[in-house]
Amino acid sequence: PVGSATVEAAVPPLAQELVSIVVRKLIEAARLTDDAFAKLVPKVKQYLAERCFGLAVSLDDERARRAIARSSDSIAAYLAAQVSKLAYERRGVEFERAEFKLSDTKPFPWRRNLPLFQARKTVFNYVATYNNFERAFAEFLDGARDVVRFAALGTTAQGDSNTQFRVDYLKPSGARAFYYPDWVVVQKSDSGEVNWIIETKGRVWENTDLKDQAMRDWCERMTELAGERWRFARVNQSFFEALRPQQFGDLMENLFALSEGPILKLVEPDSEAAEAGAYVTHLPVYSLAAAAGYFGEGRTVELEGWVEAPSSIGKLDQRMFVAQVVGHSMEPLLDDGDYVVFRAKPAGTRQGKIVLAMGPIDDPEIGGPYTVKKYFSEKVAGENGEWQHSRVRLVPVNPQFEEIVVEGEADEVMVIAEYVGKL
């Protein structure tokens, strides 16, 4: 028979050669330039000799070199991830297309979060927002007396628009990436105008802190170089909605005074962490609309990321996912904005259970044919003797909301998933 096998070299590489191998793999994994080689060699050599095994070893020991050679890929991957913890690379600010103005932005199409908001204090005819939180933030900026002007920079990710404001940073893998800020705001203060770069976040990804750090550094150095005041702030959705500020200055002053609830920290879908933790420690995150489309109709939808599930959820399986509750109809059990775990295609009775349902439904809070409610159904025997749903009631917990009743088309109400627990 013909086959293949991996044969370990009888003698592992010598110490210096082995260090070079690990450094080369580290540079490739972290996408660093070759001129980093000389700087990394002594650091990697020290790590292999003093920390890699949890105790000091001699790199002249054949057993240690053999173990390093066997695990060189994973060692390099680990070190590449540690590179990102050195934060970002501090370089001089490069003025690319310094002559460009937002007013020179080319027209570009925008199909999200329609209808678009028309503001008075922005150079654009419409404010390009991705979601309702960004729209609410735009309305706040337009109405705040201490905001002179602002612009949504969603356009900066649109190559055809000709706007290229971006800041580079290092991802957790060590690879270089680009960050496109959400907003630029000019505030009127007692001491003059202040330029702000604002990031609005409904959820926090694993590399959000690195983006913040890079943007904060950019603002500090821009202030020094341009002689204008530049500052950065991230405004999380839970903070903004709890504070309900009237003026921009109030928002900034209270930014760190209000205790925020936990922010969802997502792992990127295509990352190694997602692959390793999928349905073991982490669950996929979908919007309610995406979950209904994927589990209910088998449509291809966008996965928002993966999130670590608490141990209280129990053993994970591939029918489980996370989605964010929208609206107040399930309060106080489930609050607006809560992230909860569902299990798709539940078995057994659904009576009285909280479910994600889809069908001939009009939920005014969500604005789509799906809802999260308590499920109750009534059945009758059909002409062929089989049981059919005659009436489905989707009941809110909050008594201020009316239940959704489906009759005539009750059999078309589909239970997509049942509620398991909150994150």
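Residues numbered from 1 in each chain as written. Predicted model: local features only at pLDDT ≥ 70, side-chain atom pairs only at ≥ 80, totals over all residues. Heavy atoms only, no water.

Undergrad: Please clarify how the pattern of salt bridges should be interpreted in this entry.
TA: Close approach of charged atoms allows side chains with opposite charge to pair. All chains considered together, the criterion is met by 15 salt bridges. Across the salt bridge formed by Asp363 and Lys373, the nearest N and O atoms sit 3.0 Å from each other. Of this pair, Asp363 sits in strand 13 (residues 354-363) while Lys373 sits in strand 14 (residues 368-381); the two residues are 10 residues apart in sequence, bridging distant segments of the chain. Like Asp363, the residue Lys373 is buried in the burial classification. Between Glu378 and Arg391 there is a salt bridge; the shortest N-O distance is 3.1 Å. Residue Glu378 is found in strand 14, and its partner Arg391 is found in strand 15 (residues 387-395); the two are separated by 13 residues along the sequence. Note on Glu378: relative accessible area 38%, which makes it partly exposed. Put simply, Glu378, Arg391 and Glu407 are held in one network by salt bridges that share partners. (Salt bridge = Lys/Arg side-chain N within 4 Å of Asp/Glu carboxyl O. Helix = DSSP H or I, 4+ residues; strand = E, 2+ residues; numbered from the N terminus. Buried < 20%, exposed > 50% of the residue type's maximum accessible area, 1.4 Å probe, protein only.)

Undergrad: Explain the packing of aromatic side chains here, please?
TA: The geometry of an aromatic ring pair is captured by the separation of the ring centres together with the interplanar angle, meaning the angle of the planes. By the definition in use, this model includes 16 aromatic pairs. On the basis of an interplanar angle of 80 degrees and a centroid distance of 4.8 Å, the ring pair of Tyr294 and Phe295 is categorised as edge-to-face. Assessed through its relative accessible area of 38%, Tyr294 is described here as partly exposed. A relative accessible area of 15% places Phe295 in the buried class. Between Phe321 and Phe342, the ring centres sit 5.6 Å apart and the planes meet at 20 degrees, which makes this aromatic pair stacked. Here Phe321, found in strand 11 (residues 320-324), pairs with Phe342, found in strand 12 (residues 339-344); they are 21 residues apart in sequence, far enough to count as distant. (Phe/Tyr/Trp six-rings, centres within 6.5 Å; stacked < 30°, edge-to-face > 60°.)

Undergrad: Would you explain the packing of helix 1 (residues 15-30) against helix 3 (residues 62-70) in this entry?
TA: One way to put it is that helix 1 packs onto helix 3 with a least axis distance of 11 Å and a crossing angle of 20 degrees. Classified by the angle their axes make, helix 1 and helix 3 are roughly parallel. Relative to helix 3, helix 1 is oriented so that their crossing is left-handed. Along its contact with helix 1, which presents Ala15, Leu18 and Val22, the element helix 3 presents Arg65, Ile68 and Ala69. Each residue belonging to the contact of helix 1 with helix 3 can be placed in one class, and the counts come to five nonpolar, no polar and one charged. (Axes fitted to C-alpha atoms, helices over the stretch in contact; angles between N-to-C directions. Parallel < 35°, antiparallel > 145°, perpendicular 65-115°, else oblique. Left-handed = near helix turned anticlockwise from the far one by under 90°. Contact = heavy atoms within 4.5 Å. Nonpolar A, V, L, I, M, F, W, Y, C, P; charged D, E, K, R; others polar.)

Undergrad: Whenever I open this one, the environment of Ile361 confuses me. Can you help?
TA: Checked against the element boundaries, Ile361 lands in strand 13. Residues Ile361 and Thr371, 10 residues apart in the sequence, show an inter-C-alpha distance of 7.7 Å. Aside from chain neighbours lying at most four places away, what touches Ile361 is Gly368, Pro369, Thr371, Leu394, Ile404, Val406 and Val413.

Undergrad: How should I be thinking about helix 10 (residues 288-297) in this particular structure?
TA: A turn of α-helix holds 3.6 residues, and therefore any two residues three or four places apart point the same way. Counting buried residues in helix 10 gives seven out of 10 residues, a clear majority hidden from the surface. For helix 10, the set of buried residues is Leu288, Ala290, Ala291, Ala292, Gly293, Phe295 and Gly296. Considering only its buried residues, helix 10 is in contact with strand 11, strand 12, strand 13, strand 14 and strand 17 (414-422). Positive backbone phi, approximately 70 degrees, marks Gly298, located one or two places after helix 10.

Undergrad: I tried to follow the nonpolar core on my own but got confused; where do I start?
TA: Generally speaking, soluble globular proteins have nonpolar side chains that are buried together. Phe137, Leu141, Phe150, Trp183, Val185, Ile198 and Phe248 are the most contacted members of the largest nonpolar core, which totals 25 residues. Put simply, the parts of the chain that give this core at least two residues each are helix 5 (132-143), strand 1 (147-152), strand 4 (183-189), strand 5 (192-201), strand 7 (230-236), helix 7 (237-243) and helix 8 (248-253). The greatest single-element share of this core, amounting to five residues, is contributed by helix 5. Apart from the residues lying within four places of it in its own chain, the contact partners of Phe150 are Ala119, Lys121, Thr122, Val123, Val127, Ala138, Leu141, Asp142, Trp183, Val184 and Val185. (Core = buried A, V, L, I, M, F, W, Y, C linked by side-chain atoms within 4.5 Å.)

Undergrad: What should I look at first to understand the packing of helix 1 against helix 2 (residues 37-50) in this one?
TA: When two helices pack together, you describe them by how their axes are tilted relative to each other and by the distance separating the axes. It is at 9 Å that the axes of helix 1 and helix 2 come closest, and there the two elements cross at 115 degrees. As helix 1 packs across helix 2, the resulting crossing turns out to be right-handed. Contacts between helix 1 and helix 2 involve Gln16, Val19, Ser20, Val22, Val23, Arg24, Leu26 and Ile27 on the former and, on the latter, Phe37, Leu40, Val41, Val44, Lys45 and Leu48. Of the residues contributing to the contact of helix 1 with helix 2, the split by class is 10 nonpolar, two polar and two charged.

Undergrad: Any chance you could explain the pairing of strand 7 here in plain terms?
TA: Put simply, side chains in a regular strand alternate between the two faces of the sheet. Counted residue by residue, strand 7 has six buried out of seven residues, so it is predominantly covered. Relative to strand 7, strand 5 is paired through seven bridges, and the arrangement is parallel. Along strand 7, the bridge assignment pairs Ile197 with Phe232. (Pairing = 2+ DSSP bridges.)

Undergrad: In this structure, what is going on with the sheet that holds strand 5? I would like to understand it.
TA: Adjacent strands of a sheet form backbone hydrogen bonds with each other and so pair up, either parallel or antiparallel. Read from one edge of the open sheet, four strands run 1-4-5-7, paired in mixed fashion. Across the chains shown, the open sheet's two edge strands, defined by having one partner strand only, are strand 1 and strand 7. Sheet twist, expressed as the average angle between the axes of neighbouring strands with direction ignored, equals 25 degrees. As defined by bridge partners, strand 1 adjoins strand 4 across five bridges and the pair is classed as antiparallel. Bridge pairing in strand 4 links Ala152 to Trp183.

Undergrad: I keep staring at the environment of Gln318 and nothing clicks. Help me out?
TA: Within the element layout of this structure, Gln318 appears in the loop between strand 10 (305-308) and strand 11. Its relative accessible area of 63% is what places Gln318 among the exposed residues. Separated by 26 residues in sequence, Gln318 and Ala344 have C-alpha atoms that sit 8.8 Å apart.

Undergrad: In this structure, what is going on with the confidence of the model for the protein chain? I would like to understand it.
TA: Note: predicted coordinates in regions of low pLDDT should not be interpreted at a detailed level. Per-residue pLDDT for the protein chain averages 81, and the proportion of residues at 70 or more is 86%. Low confidence marks residues 258-262, where pLDDT is under 50. Its contacts with residues over four positions away, or in another chain, come to six contacts. (pLDDT = per-residue confidence, 0-100.)

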